[in-house]
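One letter stands for each residue in the lines below.
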Amino acid sequence: MPRHIAIIMDGNGRWAKKRFLPRIAGHKRGVETVREVIKACAEQGVHYLTLFAFSSENWRRPEEEVSMLMDLFALALEREVVKLHKNDVRLRVVGDLARFGPKLVKLIHESEHLTRGNASLTLTIAANYGGRWDIMQAMNKLVAQTGQPAEQGYSEADLAPHLAMHYAPEPDLFIRTGGEQRISNFLLWQLAYSELYFTPTLWPDFDTAALNQAIASYSNRERRFGRTSEQLGVR
Ligand code: IPE
Ligand code: IPE
Ligand code: MG
């Protein structure tokens, strides 16, 4: 069982287009999938679930779509956070919040605060997140903390605590729906040794059965972390 699953939820627009609906209808249907996947992960004992909701590049989309996505995010938070709390889910949001409106930022902080003591599942929403942004903000924090760049250089272990997801182990399983086979500036540092799983299923069509298929694929893989198969002693 993967301890941490990270997902690029892609394909909402195409799902809507196939039905001659506006793109936002796909995003709305995508929220239903989010609900189902959180439930399935909680039931199966996954401890960390990380969902890419909005990338630092998604600002390039038409203004109307961006603003509807922001509204949808706020609405989903408002509606779901009490239920998450009841189900012992801890909510965290990672990304550069500076570009969000004050109302959304307040909602994010309140939701994080309310659920801070929960431990069954940590749900991370990556919003206005970019993997390169993450590495750079971590580097900047590290340098600011030490006062000046270290003479002998920094180690990976020095940087890790400053990354946005310092509280979580690295993802064991990475899933991207919607058929594209790329990382799109998601967790660059943390995906170094994750098992990658790509499916053509569009996010609104992704369900518990599809999640279980991804998990089954993961459980058949041999994670060697640079070692040989023989060293692992399983074959
Ligand atoms: C993913 O679905 C959701 C976000 C990026 C917010 P898309 O909106 O990218 O859907 P497609 O890729 O156009 O189908
Ligand atoms: C990646 O999806 C970001 C999210 C799912 C939030 P995109 O649809 O924006 O990615 P690209 O542009 O196709 O790489
Ligand atoms: Mg897309």
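Look up: the structure comes first, before these words.
Reading the values: the criteria
- Residues numbered from 1 in each chain as written.
- Chains lettered and ligands numbered in written order.
- Predicted model: local features only at pLDDT ≥ 70, side-chain atom pairs only at ≥ 80, totals over all residues.
- Heavy atoms only, no water.
- Helix = DSSP H or I, 4+ residues; strand = E, 2+ residues; numbered from the N terminus.
- Rg over C-alpha atoms; globule rule 2.2 N^0.38 Å.
- Near = heavy atom within 4 Å.
- Polar contact = N/O pair within 3.5 Å; in protein donor to acceptor, adjacent residues only side chain to side chain.
- Areas by Shrake-Rupley, 256 points an atom, 1.4 Å probe, with all protein chains shown as cover.
- Nonpolar A, V, L, I, M, F, W, Y, C, P; charged D, E, K, R; others polar.
- Buried < 20%, exposed > 50% of the residue type's maximum accessible area, 1.4 Å probe, protein only.
- Pairing = 2+ DSSP bridges.
- Axes fitted to C-alpha atoms, helices over the stretch in contact; angles between N-to-C directions.
- Parallel < 35°, antiparallel > 145°, perpendicular 65-115°, else oblique.
- Left-handed = near helix turned anticlockwise from the far one by under 90°.
- Contact = heavy atoms within 4.5 Å.
- Core = buried A, V, L, I, M, F, W, Y, C linked by side-chain atoms within 4.5 Å.
- Salt bridge = Lys/Arg side-chain N within 4 Å of Asp/Glu carboxyl O.

A. Just the overall build of the protein, in detail. Along the backbone of the protein there are eight helices and six strands. In sequence order, the secondary structure elements of the protein are arranged as β-α-α-β-α-β-α-β-α-α-β-β-α-α. Against the globule reference of 18 Å for 235 residues, the protein gives a C-alpha radius of gyration of 18 Å, in line with a compact fold. Dimensions of the protein, computed from the C-alpha atoms along their principal axes, are close to 55 × 50 × 35 Å.

B. Here's a closer look at the site of ligand 2. The immediate surroundings of ligand 2 are formed by Ile8, Met9, Asp10, Phe52, Ala53, Phe54, Ser55, Asn58, Arg61, Arg176, Arg182 and Ser184. Contact between ligand 2 and Asn58: an oxygen atom at 2.9 Å from a side-chain N or O atom of the residue. Contact with the protein chains removes 79% of the 390 Å² of surface that ligand 2 exposes when unbound. Split into classes, the residues belonging to the shell around ligand 2 amount to five nonpolar, three polar and four charged.

C. Quick peek at the pairing of strand β2 (residues 48–55). By the criterion of burial, β2 is predominantly enclosed, with seven of the eight residues buried. The sheet contact formed by β2 and strand β4 (residues 121–129) spans seven bridges and is parallel. If you follow Leu49 over to β4, its bridge partner there is Leu123.

D. Up close: the packing of helix α2 (residues 23–43) against helix α3 (residues 63–86). At a minimum axis distance of 11 Å, the contact between α2 and α3 shows a crossing angle of 25 degrees. With respect to α3, the axis of α2 lies roughly parallel. The crossing of α2 and α3 is right-handed. Contacts from Arg23, Ile24, His27, Lys28, Val31, Arg35 and Ile38 in α2 reach Glu65, Met68, Leu69, Leu72, Ala76, Glu80, Lys83 and Leu84 in α3.

E. Just the nonpolar core, in detail. Judged by nonpolar contacts, the single largest core of 43 residues is most densely connected at Ile5, Ile7, Leu49, Phe100, Leu123 and Ile175. The biggest single contributor to this core is α3, with seven residues. Once residues lying within four places of it in the same chain are set aside, the contact partners of Ile7 are Val37, Leu49, Thr50, Leu51, Phe52, Ile175, Phe186 and Trp203.

F. Examining the pattern of salt bridges more closely. Evaluation of the coordinates by the stated rule reveals 15 salt bridges. Measuring nitrogen to oxygen at the nearest pair gives 3.4 Å for the salt bridge that ties Asp10 to Arg14. The exposure class of Arg14 is partly exposed, given its relative accessible area of 34%. With its nearest N and O atoms 3.3 Å apart, the salt bridge here joins Lys106 to Glu110. Of this pair, Lys106 and Glu110 both sit in helix α4 (residues 102–114), four residues apart, roughly one helical turn. Here the salt bridges share partners, and the residues they tie into one network are Asp10, Arg14, Arg176, Glu180 and Arg182.

G. Structural detail: the environment of Asp10. As for its placement among the helices and strands, Asp10 is situated in the loop between β1 (4–8) and α1 (12–18). Along the backbone, Asp10 and Phe186 are 176 residues apart, and their C-alpha atoms lie at a distance of 12 Å. What Asp10 contacts, discounting residues up to four positions off in sequence, is Arg176, Thr177, Gly178, Glu180, Leu202 and Trp203.

H. Spotlight on unusual backbone geometry. Although it is not a glycine, Ser184 adopts a positive phi angle of roughly 45 degrees. Phi is positive for Asn185, close to 60 degrees, though the residue is something other than glycine.

I. Looking closely at the site of ligand 1. Lining the immediate environment of ligand 1, one finds Met9, Asp10, Gly11, Asn12, Gly13, Arg14, Arg23, His27, Ala53, Asn58, Arg61 and Leu69. A distance of 2.8 Å separates an oxygen atom of ligand 1 from a polar atom in the side chain of Asp10. The contact in question runs from an oxygen atom of ligand 1 to an N or O atom on the side chain of Arg14, over 2.7 Å. Contact with the protein chains removes 87% of the 380 Å² of surface that ligand 1 exposes when unbound. At the level of secondary structure, the elements contributing two or more residues to the shell around ligand 1 comprise α1 and α2. Ranked by residue count, the leading element in the shell around ligand 1 is α1, at three residues. Residues belonging to the shell around ligand 1 are distributed by class as follows: three nonpolar, five polar and four charged.

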